[in-house]
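# Observations on the three-dimensional arrangement
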Amino acid sequence: MFENRPHSVVIGAATVYTRGAWQTGHDVVVQDGAVIAIGPNARADYRALPFVDGSGGYLIPGFVNTHTHLQQAVLRGIGEGLPLLEWLRCVGERTVAATPEQTYLSALAGGLELLRSGVTTVVEHMWPNRSEAVHDAMLRALAELGIRVVLGRGIADRADPTRRWGLDPRLMQPLPDAFAHIDALDAQLAGSRIGTALAVPNPRCLTPDGMAAAREYAGRTGKTVSIHVLETSTDEEMCRLHAGRGAVDYLDAGGLLWDRTLAVHCCHLDSAGRSVFAARGVSVSYNPLSNMRLGSGVAPVLEMLAAGIDVGLGVDGAASNDTQDMLLTLRMGSYLQRATRKRADLLGFDEMLRMATRGADRVLGRPTAAPGVAIGDRGDLTLLRFDRDFACLPVLDPGATLLTTGSPRVVDTVWVDGEAVIRAGRSTRVDAELLARRLNNMR
């Protein structure tokens, strides 16, 4: 089920965003899942490969969504208007009760929505869960979609039914059991588009011993650790109350801040915390829409970038964002920073595309490259056709058009490993009409 062989394709005569600029009439050659040539008439030496006419289209790298919870795609609108801790308890009850079938349909729906907005890689942050059947259902959906995945398997070792200083005990299991499960998943997923990571709900959910165990396991196995940090002031308040130090210092003392730490949200990361993150090589996942929806605050993105912190873009779960639309997140990620600073000359297309495609390269263990499509990249690409939506026309500046008016309507083809998993805006692998009927019957 998890085998996905790399494909080859030539995308001809497209306008390609490469090395920080748009180049018209360029071919892009993907062979065995990797980009091997870019340029005018690059197809000449590869006539035997499958050909896609890209004329009139705009080719960009696939987006990397650095944070979501795909189990929440069937919880859209839940807890509307509740503050974060009350919202978490509401979502937590649904997570405890989630069945494999619900998980499968939710992941299929959320993942398909991501693909249809140009996402080719997703960092999935699963909440801790004892059920192997729930994890298997998630993996089955992701494999069917064909999307590239970093699957964060949830861990925690401090129990607290209130979730203020720990995690709901019904979702927890001993850390050695969770690590053993990840080892088994790695063996099962070898050679597929799905890899694993550690997912920590927040600093409050790990004891010092738990942090040490997570750090040792992640370091030994080369895993990324995704962790919600300072989404609201609760992390800071609880860590000071129970541990006598702030959230960043608590994590740092536990050894959980290093260059494979992906800190999610960070709306309340102050200058001292930014200095620690920069020194340790921590990366940040910026999730503007969910931060707005839950009233969490505004992440200091410009200050983080100025401090040398890598910042990627995240959609977050559909229970807090309500969509999995990466293009909307791209736009609002820029606009939110502009609004809070009362300046329009911030975070334009180039900067936002870098955030959405390259911002998490280091923390995910991926090779870094210049913005845009590059030789040596995986064949994870998105072809946009603005003429699919009259609201985008005329195209005066492709980058500005994508940033300000782009929507899933303009996403024509999405390739992962050179395989077209979306073609003409529709999945080549999933029956969307059948999926809609099954979701509707869940009510």
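Residues numbered from 1 in each chain as written. Predicted model: local features only at pLDDT ≥ 70, side-chain atom pairs only at ≥ 80, totals over all residues. Heavy atoms only, no water.

Under an unreviewed UniProt entry, the name given to the chain is Amidohydrolase family protein, and the organism recorded is Nocardia colli.

## Considerations on the side chain of Gln-337
How we decide: Each helix corresponds to a stretch of at least 4 residues labelled H or I by DSSP, and each strand to a stretch of at least 2 residues labelled E; elements are numbered beginning at the N terminus. With a 1.4 Å probe rolled over the protein chains alone, any residue whose accessible area is under 20% of its type maximum counts as buried; one over 50% counts as exposed, and the rest are partly exposed. Contacts: residue pairs with any heavy atoms within 4.5 Å of one another.
With respect to the helices and strands, the residue Gln-337 is situated in helix α11 (residues 326-341). Residue Gln-337 is classed as buried on the basis of its relative accessible area, which comes to 0%. The contacts of Gln-337, once residues within four sequence positions are left out, are Tyr-286, Val-298, Ala-299, Val-301, Leu-302, Leu-346 and Leu-347.

## Focus: the pattern of salt bridges
Note the following rule: Each reported salt bridge corresponds to a side-chain nitrogen of Lys or Arg within 4 Å of a carboxyl oxygen of Asp or Glu.
Considering all chains together, one arrives at 28 salt bridges under this definition. The partner of Arg-409 in a salt bridge is Asp-389, and the shortest N-O contact between them spans 3.0 Å. With a gap of 20 residues between them, Arg-409 in the loop between α13 (398-405) and β15 (411-416) and Asp-389 in the loop between β14 (381-384) and α13 connect regions that are remote in the sequence. Through salt bridges with shared partners, one network takes in Arg-148, Arg-193, Asp-380, Asp-417, Glu-419 and Arg-429.

## Overview of the packing of aromatic side chains
Note the threshold: The criterion for an aromatic pair is that two Phe, Tyr or Trp rings (for Trp, the six-membered ring) have centres within 6.5 Å, with stacked assigned to planes under 30 degrees apart, edge-to-face to planes over 60 apart and tilted to the rest. Throughout this description, the term charge over a ring refers to an Arg CZ or Lys NZ atom that lies within 6 Å of the ring centre and within 35 degrees of the ring normal.
All chains considered together, the criterion is met by 7 aromatic pairs. Both rings, one in Tyr-17 and one in Trp-22, keep their centres 5.1 Å apart while their planes meet at 65°; by these two values the pair is edge-to-face. Note on Tyr-58 and Phe-386: the rings are 5.1 Å apart at their centroids and 50° apart in plane angle, and the pair reads as tilted. Of this pair, Tyr-58 sits in strand β5 (residues 58-61) while Phe-386 sits in the loop between β14 and α13, placing them 328 residues apart in sequence. Counting every residue linked through ring pairs, the aromatic cluster contains Tyr-17, Trp-22, Tyr-58, Phe-349 and Phe-386. Here the basic side chain of Arg-140 rests over the ring of Tyr-104, its NZ or CZ set 3.8 Å away from the ring centre.

## Considerations on the side chain of Arg-358
Mapped onto the fold, Arg-358 is located in the loop between α12 (349-357) and β14. Other than its neighbours up to four places away in sequence, Arg-358 contacts Leu-353, Pro-367, Ala-369, Ala-370, Gly-372, Ala-374 and Asp-377.

## Observations concerning the nonpolar core
The test is simple: In this description, a nonpolar core means a group of buried Ala, Val, Leu, Ile, Met, Phe, Trp, Tyr and Cys residues linked to one another through side-chain atoms lying within 4.5 Å. For each domain, the first and last residues come from an automatic or database assignment.
Ranked by size, the top nonpolar core spans 95 residues in total, and within it Leu-142, Ile-147, Ile-194, Leu-198, Phe-277 and Met-304 carry the most contacts. Counting only domains with at least three residues in this core, you end up with domain 1 (9-61 + 369-427) and domain 2 (63-359). Sequence-distant contacts of Leu-198, defined by excluding residues within four places in its chain, comprise Gly-152, Arg-153, Ile-155, Phe-179, Ile-182, Ala-214, Tyr-217, Ala-218, Thr-224, Val-225 and Ser-226.

## Re the environment of Thr-121
In plain terms, the rule: Two N or O atoms count as a polar contact when they lie within 3.5 Å, although within protein this holds only if one can serve as hydrogen donor and the other as acceptor, and sequence-adjacent residues are included solely when both atoms are side-chain atoms.
Mapped onto the elements of the fold, Thr-121 is located in strand β7 (residues 119-125). Each C-alpha atom, one on Thr-121 and one on Gly-146, is 9.9 Å from the other, the two residues being 25 residues apart in sequence. Every residue in contact with Thr-121, bar those within four places of it in the chain, is listed here: Phe-63, Val-64, Asn-65, Ile-147, Arg-148, Arg-366 and Asp-380. Polar contacts involving the side chain of Thr-121 include one to the side chain of Arg-366, which spans 3.4 Å.

## Details of the domain arrangement of the chain
To keep it simple, the criterion reads: Once two parts are brought into contact, the accessible area they lose, counted with a 1.4 Å probe and summed over both, makes up the buried area. Charged residues are taken to be Asp, Glu, Lys and Arg, nonpolar residues to be Ala, Val, Leu, Ile, Met, Phe, Trp, Tyr, Cys and Pro, and polar residues to be all remaining types, Gly included.
If you check the domain split of the chain, you get domain 1 (9-61 + 369-427) and domain 2 (63-359). A separation of 29 Å is found between the C-alpha centroids of domain 1 and domain 2. On the side of domain 2, 29 residues touch domain 1, which itself brings 33 residues to the contact. Carbon and sulfur atoms supply 59% of the area that domain 1 and domain 2 bury against each other, a total of about 2400 Å² over both sides. At the surface where domain 1 touches domain 2, the tally comes to 5 salt bridges. Among the ionic pairs, Arg-193 bridges to Glu-419, the shortest N-O distance being 2.8 Å. Put simply, domain 1 and domain 2 have 12 residue pairs in polar contact (both at pLDDT 80 or more) between them. Elements with a contribution of two residues or more to the side of domain 1 that touches domain 2: β5, β14, α13, β15 and β16 (419-423). Here the side of domain 1 that touches domain 2 gets 6 residues from one element, more than from any other, and that element is α13. Considered class by class, the residues forming the side of domain 1 that touches domain 2 number 19 nonpolar, 9 polar and 5 charged.

## Quick word on the sheet that holds strand β11 (residues 261-265)
Put simply, the rule is: At least two bridges found by DSSP between two strands are what make those strands a pair. Axis lines are fitted through C-alpha atoms, for helices just across the contact stretch, and the angle between N-to-C directions can take any value from 0 to 180 degrees.
Strand order in the open sheet formed by 8 strands is β6-β7-β8-β9-β10-β11-β12-β13, with parallel pairing between adjacent strands. Pairing within the sheet leaves two strands with one partner each, and these edge strands are β6 (63-68) and β13 (311-313). Along the sheet, successive strands turn relative to each other by an average axial angle of 25°, direction set aside. Taken together, the 3 bridges between strand β12 (residues 283-286) and β13 define a ladder with parallel strand orientation. Looking at the pairing, Tyr-286 lines up with Leu-313 of β13. Together, β7, β8 (148-154) and β9 (194-200) form the strand contacts of helix α3 (residues 132-145), whose direction differs from that of β8 by roughly 170°.

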